[in-house]
There are 2 protein chains.
Amino acid sequence: MHSLQQMASDARQAALNLAVTDIETRNAALLRITESLYDHREEIFMANHLDLQQAEEEKLAAPMKLRLAFHDKKLSQVIRGIQELITMPDPLGMTTLSRELANGLNLYRVTCPIGVIGVVFESRPDALVQISGLALKSGNAVILKGGREALRTNTALCNAIHEAGVSAGIHPQFIQLLTSREEVADMLKQDSLIDLIIPRGSNAFVRYIKENSLIPVLGHADGICHVYVDEDADTEMAMNICMDSKMQNVSVCNAMETLLVHERVAAQFLPEMARRFNARGVRLLGDHETVQLIHCEEATEKDWMTEYLDATLSIRIVPSIEEAIRHINHYGSHHTDCIVTENQVHAALFLQAVDSAGVYHNCSTRFADGYVYGFGAEVGIATGKIHARGPMGMEGLTSYKYKLLGHGQTMDQVVRGQITYTHRELHDICPE
Amino acid sequence: MHSLQQMASDARQAALNLAVTDIETRNAALLRITESLYDHREEIFMANHLDLQQAEEEKLAAPMKLRLAFHDKKLSQVIRGIQELITMPDPLGMTTLSRELANGLNLYRVTCPIGVIGVVFESRPDALVQISGLALKSGNAVILKGGREALRTNTALCNAIHEAGVSAGIHPQFIQLLTSREEVADMLKQDSLIDLIIPRGSNAFVRYIKENSLIPVLGHADGICHVYVDEDADTEMAMNICMDSKMQNVSVCNAMETLLVHERVAAQFLPEMARRFNARGVRLLGDHETVQLIHCEEATEKDWMTEYLDATLSIRIVPSIEEAIRHINHYGSHHTDCIVTENQVHAALFLQAVDSAGVYHNCSTRFADGYVYGFGAEVGIATGKIHARGPMGMEGLTSYKYKLLGHGQTMDQVVRGQITYTHRELHDICPE
């Protein structure tokens, strides 16, 4: 059993090694992983069977068991996901700025991996495959910790991926799996070796991670998403979007938790909307104005800050779009918020003023997802504004470095007036 | 006197307000600031005179007094800096991704401000003007804390900037100045209101900030920069670059602290290089091989990890470029490192494998600077790999949001097969 410091140090070595691999090597390894996952399917399914059996014995909730299950269809899905990653362009070595600073002194900004990334994820074992695929494609080493209930499945998946990567010439420590909570606590201390932590879990868990580590943390705590039905909304469209945002999947972070309705359309919109929600078994809570219009409990201040993650919805009637924006910026979690309106001026105002990773016009909040956005997959959804925001795909797993190419230029020459800054854009790619 | 929470909450309001300002308003405010700084020059110079007088009484070190001085020439410099910022394009509202997700469902990634940024900077009062200019141009509200010794100067500068911004219609709390260390401690607790902290100071200070806040921190602690003289280096060029990197300004973060020399050229290179360094009064420390070649003290393990910030240099002879890279990645601070070589293969390997914000070929490490890179100015230099890396100009002060524009699309339609993802690149700018 290795110490966490040794594991992190090994991961750092793997990361330095991955940073100089070419895309052919990384794609070949990804291809080998798809084959290995298929070759090892029986072991993976058996491991999952045992995890599910234990989940049964421990009487885990039905949705959790559903997420834990890893069967033939899930295997095909994750394999297809990696195949898609292979077809995507190399996120590394891309020149994103090229500028002549002075005659013969050229600056290039070139994308590179972040390095070592620690990911703590929930019970879905398919997340392990997605995350390690994205990390490998973007040249990062990962240290993973999955849910306790999925340990056998995750171990089997990790073994298959590890074997394939090594056989394709990738540094053996490109992927490492932690198995205990204590290891996570130890991992958080390795701030000189680990570059980024991505926690996927409850608000309390994310806060625990942030409070106990100097390593930068990206991800999200709450997903308190809003739909605002504007005075100029198409009523039928608004009802469809609200129903989908709330009920298409209630237990996900991009589901709607609070519905805001403009007061001019509330009397016309809310009774029918409530009828439809009632028919789907949604528990409704409303502000003082709402309870005059429809039959529901009165919401408290706390409800505006609650991520229900179930078939519960809080509703507020607002006097203006400005108040809707104010409510979202104040109570929301900066995840994904939608305006339903036919008024382009209102839409543009909402999209600019709402301070969230996703600002939507006339579509369901459920679209906030890396796969949907065309990123192939996602390692998480970031609600902060540093580094990556929204679904984090490969781009969110890259950094960059500045390459400066000269012919002996010194600052002393600048001071003496022998070199003058030109700052001319070059529009070429970095030659070295 | 406001509480820090109130100040941070005010800054958040200012930030939400700045996020919806257009570039004309922000540029007009910057122009007003240049005028205001000039109009208030007598007050500013008088305040600086008092600060310098006190520095004299408190017997501050000469370099510190030099950095503290704010005279006519400094004023012209900062005004010219802001004038340059005005000519630069708007960093906000830029579409950096546009993609059709499905028929009539278009995704745009659009740049936006980060929000509220806390900056703790050292004694140079010109930094205050640079930082507030960059923040305003990029739509961010700032809370600033300068050095105690520059308090009067910073207050006068801040007043001039504040007056100008307000008269140009910017939200009054776009810039706020803290005056005590206790306020910094309080600021670090406002993680729900402040988006980013940029500390500029000692290693210990940056660590203190990280340990005492949940707010993301960007910047750098050490600047342990290396020059590696390769076996295929042009000797005269190497000597010039080494002298400039070490001696052009010894007290800055982008000065060389460790010189690495390939063993094949050490005997030819080091004696003459040492002679030149000795002539400039540089104290030399060398590894075991180096002390056989030149007269100097023997370096200890600790020297490879020390940022001298004075006329001291540690020297090591390495058997290969691989060992030079290993040394830099192990002992360096990921700031700026240079290879001197005429061998393109060696250069390319070094630039790819060295894990630093700046990787230079044949030029002085002293060029690591936001103004030199053409960013107008910088708020700091980031040595981490999250968000911004290297000199942070306006781009480092922006985030982005995803705008999704639809016509009522729901996830339910996707599940039913009524909507198919197309993921077609659009190459247009966001219309809303």
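Residues numbered from 1 in each chain as written. Chains lettered and ligands numbered in written order. Predicted model: local features only at pLDDT ≥ 70, side-chain atom pairs only at ≥ 80, totals over all residues. Heavy atoms only, no water.

1. A word on the overall build of chain A
Note the threshold: Labels follow the DSSP assignment, with helices taken as runs of H or I lasting at least four residues and strands as runs of E lasting at least two, numbered in each case from the N terminus. The buried label applies to any residue whose accessible area, calculated with a 1.4 Å probe on protein chains only, is under 20% of its type's maximum; exposed applies above 50%, and partly exposed to all values in between. Whether two residues touch is decided by their heavy atoms; if any such pair falls within 4.5 Å, the residues are in contact. Only the protein chains shown count as covering a residue, and every accessible area follows the Shrake-Rupley method with a 1.4 Å probe.
Counting secondary structure elements, chain A contains 15 helices and 17 strands. If you line up chain A on its principal axes, its C-alpha atoms span 75 × 65 × 40 Å. Buried residues in chain A amount to 61% of all 432 residues. Of the contacts formed within chain A by residues at least 6 apart in sequence, a portion of 72% connects residues at least 24 apart. Surface summary for chain A: the accessible area is close to 16600 Å², and the carbon and sulfur share equals 51%.

2. Some thoughts on the relation of the copies chain B and chain A
This is how it is decided: What sets the superposition is a least-squares fit of C-alpha atoms, and only residues with pLDDT of at least 70 in both copies go into it.
The operation relating chain B to chain A is a screw motion whose rotation component is 180°, with 0.0 Å of axial translation and a residual RMSD of 0.1 Å. A rotation of that kind, with that shift, is consistent with a two-fold axis. Within chain B, His-387 of chain B has its C-alpha nearest the rotation axis, a separation of 1.7 Å. Of all interface residues in chain B, 100% are interface residues in chain A too; the two copies therefore contact each other through one and the same surface.

3. Side note on the nonpolar core
For the record, the criterion: Grouping buried Ala, Val, Leu, Ile, Met, Phe, Trp, Tyr and Cys residues that are joined through side-chain atoms within 4.5 Å yields what is termed a nonpolar core.
Counting 118 residues, the largest nonpolar core has Leu-37, Leu-259, Phe-269, Phe-277 and Phe-367 of chain B as the members making the most contacts within it. With residues near it in sequence (within four places) discarded, Leu-259 of chain B still touches Val-227, Val-229, Cys-242, Phe-269, Leu-270, Phe-277, Leu-313, Ser-314, Ile-315 and Arg-316 of chain B. The next biggest cluster of nonpolar side chains, apart from the first, holds 117 residues, and it includes Leu-75, Ile-79, Leu-218 and Ile-315 of chain A.

4. Some remarks on the interface of chain B and chain A
Stated precisely, the cut-off is as follows: Put simply, buried area is how much 1.4 Å-probe accessible surface two parts lose in total, over both of them, once they are put together. We define a salt bridge as a side-chain nitrogen of Lys or Arg found within 4 Å of a carboxyl oxygen belonging to Asp or Glu.
At the junction of the two partners, chain B supplies 79 residues and chain A supplies 79 residues. Taking both sides of the interface into account, the surface hidden between chain B and chain A amounts to around 6600 Å²; carbon and sulfur atoms contribute 58%. Seen at the junction of chain B and chain A, the total is eight salt bridges. Across the pair Lys-385 of chain A and Asp-195 of chain B runs a salt bridge, and its minimum N-O distance is 3.9 Å.

5. Focus on the pairing of strand β8 (residues 256-262) of chain B
Regular strands show a simple pattern: their side chains alternate between the two faces of the sheet. Residues and elements named next belong to chain B. Here is the rule: A crossover counts as right-handed when, viewed with the strands pointing away from the observer, the path leading from the first strand over the helix to the second turns clockwise. Only when DSSP finds a minimum of two bridges between them are two strands counted as paired.
A large share of β8 lies buried, amounting to seven of its seven residues. Between the parallel pair strand β7 (residues 225-229) and β8, the chain is carried across by helix α10 (residues 235-247), and the sense of this crossover is right-handed. The sheet contact formed by β8 and strand β11 (residues 312-318) spans five bridges and is parallel. If you follow Leu-259 over to β11, its bridge partner there is Ile-315.

6. Side note on the packing of aromatic side chains
Applied cut-off: Only centres within 6.5 Å qualify two rings of Phe, Tyr or Trp (six-membered ring in Trp) as a pair; their planes then separate them into stacked at under 30 degrees, edge-to-face at over 60, and tilted for everything else. Distance and angle both matter: a charge sits over a ring if NZ of Lys or CZ of Arg is within 6 Å of the ring centre and within 35 degrees of the ring normal.
All told, the structure shown has 14 aromatic pairs over all chains when counted by the stated rule. Each ring, one from Tyr-402 of chain A and one from Tyr-373 of chain B, has its centre 5.0 Å from the other, and the planes form 50°; the classification is tilted. Linking Tyr-402 of chain A in strand β16 (residues 398-409) with Tyr-373 of chain B in the loop between β13 (358-363) and β14 (380-382), this pair reaches from one chain into another. A residue is classified by how much of its surface remains accessible, and Tyr-402 of chain A, at 2% relative accessible area, is buried. Taking relative accessible area as the criterion, Tyr-373 of chain B reaches 1% and is therefore assigned buried. The residue whose ring lies beneath Arg-41 of chain A is Tyr-38 of chain A, and the NZ or CZ to ring-centre distance is 4.0 Å. Lying over the aromatic face of Tyr-400 of chain A, Arg-109 of chain A brings its terminal NZ or CZ to 5.2 Å of the ring centre.

7. Observations regarding the sheet that holds strand β7 (residues 225-229) of chain A
Adjacent strands of a sheet pair through backbone hydrogen bonds, lying either parallel or antiparallel. To be explicit about the condition: Axes, fitted as lines to C-alpha atoms, cover a helix only where it is in contact. Angles between the N-to-C directions of the axes lie from 0 to 180 degrees.
Reading across from one edge, β10(A)-β9(A)-β11(A)-β8(A)-β7(A)-β12(A)-β13(A)-β16(B)-β2(B)-β1(B)-β17(B) is the order of the eleven strands in this open sheet, with mixed pairing throughout. Whereas interior strands pair on both sides, the edge strands pair on one side only; in this sheet they are β10 (297-298) of chain A together with β17 (424-425) of chain B. For strand β2 (residues 105-113) of chain B and strand β16 (residues 398-409) of chain B, the ladder comprises eight bridges, and the chain directions are antiparallel. Looking across to β16 of chain B, one finds that Asn-106 of chain B is bridged to Leu-405 of chain B. Together, β7, β8 (256-262), β9 (283-286) and β11 (312-318) of chain A form the strand contacts of helix α11 (residues 263-279) of chain A, whose direction differs from that of β8 of chain A by roughly 145°. Packed on one face of the sheet, helix α14 (residues 344-353) of chain A meets β7, β12 (336-340) and β13 (358-363) of chain A together with β16 of chain B and runs near 155° to β13 of chain A.

8. Section: the packing of helix α6 (residues 125-137) of chain A against helix α7 (residues 151-167) of chain A
A pair of packed helices can be characterised by two numbers: the angle between their axes and the separation between those axes. All names here are of chain A. Rules: Orientation categories follow fixed angle ranges, with anything under 35 degrees roughly parallel, anything over 145 roughly antiparallel, 65 to 115 roughly perpendicular, and all other angles oblique. Helix crossings are classified by the rotation of the near helix relative to the far one: an anticlockwise turn of less than a right angle makes the crossing left-handed, while a clockwise turn makes it right-handed. Note on residue classes: Ala, Val, Leu, Ile, Met, Phe, Trp, Tyr, Cys and Pro are nonpolar, Asp, Glu, Lys and Arg are charged, and everything else, Gly too, is polar.
Where α6 contacts α7, the two axes come as close as 9 Å, and the packing angle between them is 25°. Between α6 and α7, the angle is such that the two are roughly parallel. The handedness of the crossing between α6 and α7 is right-handed. Contacts between α6 and α7 involve Pro-125, Leu-128, Val-129 and Ser-132 from the former and Thr-153, Asn-154, Leu-157, Cys-158 and Ile-161 from the latter. In terms of residue class, the contact of α6 with α7 is built from six nonpolar, three polar and no charged.

9. A few points about the state of the cysteines
Where two cysteines share a covalent bond between their sulfur atoms, that bond is called a disulfide. Residue and element names in this part refer to chain B. Quick note on the threshold: Two cysteine sulfurs form a disulfide in these notes if their separation is within 2.5 Å.
Here the structure, examined in full by the defined rule, presents zero disulfides over all chains. Not engaged in a disulfide, the cysteine Cys-242 finds its nearest cysteine sulfur in Cys-338; these two sulfurs lie 7.9 Å apart. Cysteine Cys-253 shares no disulfide, and the gap to the nearest cysteine sulfur, in Cys-225, comes to 6.8 Å.

10. Topic: the confidence of the model for chain A
This is how the line gets drawn: Residue-level confidence of the predictor, termed pLDDT, takes values from 0 up to 100.
Of all residues in chain A, 100% attain a pLDDT of 70 or more, and the chain-wide mean is 94. Two summary scores accompany this predicted model of the complex, namely pTM at 0.92 and ipTM at 0.92.

11. Details of the pattern of salt bridges
Applying the stated criterion across every chain yields a total of 52 salt bridges over all chains. One salt bridge connects Lys-65 of chain A with Glu-56 of chain A, and the closest N-O pair in it is separated by 3.4 Å. In this structure, Glu-395 of chain B and Arg-109 of chain A form a salt bridge, with 3.3 Å as the shortest nitrogen-oxygen distance. Placement of Glu-395 of chain B in the loop between β15 (390-392) and β16 and of Arg-109 of chain A in strand β2 (residues 105-113) is noted, with the two residues assigned to different chains. Owing to a relative accessible area of 52%, Glu-395 of chain B belongs among the exposed residues under this scheme. A relative accessible area of 7% places Arg-109 of chain A in the buried class.

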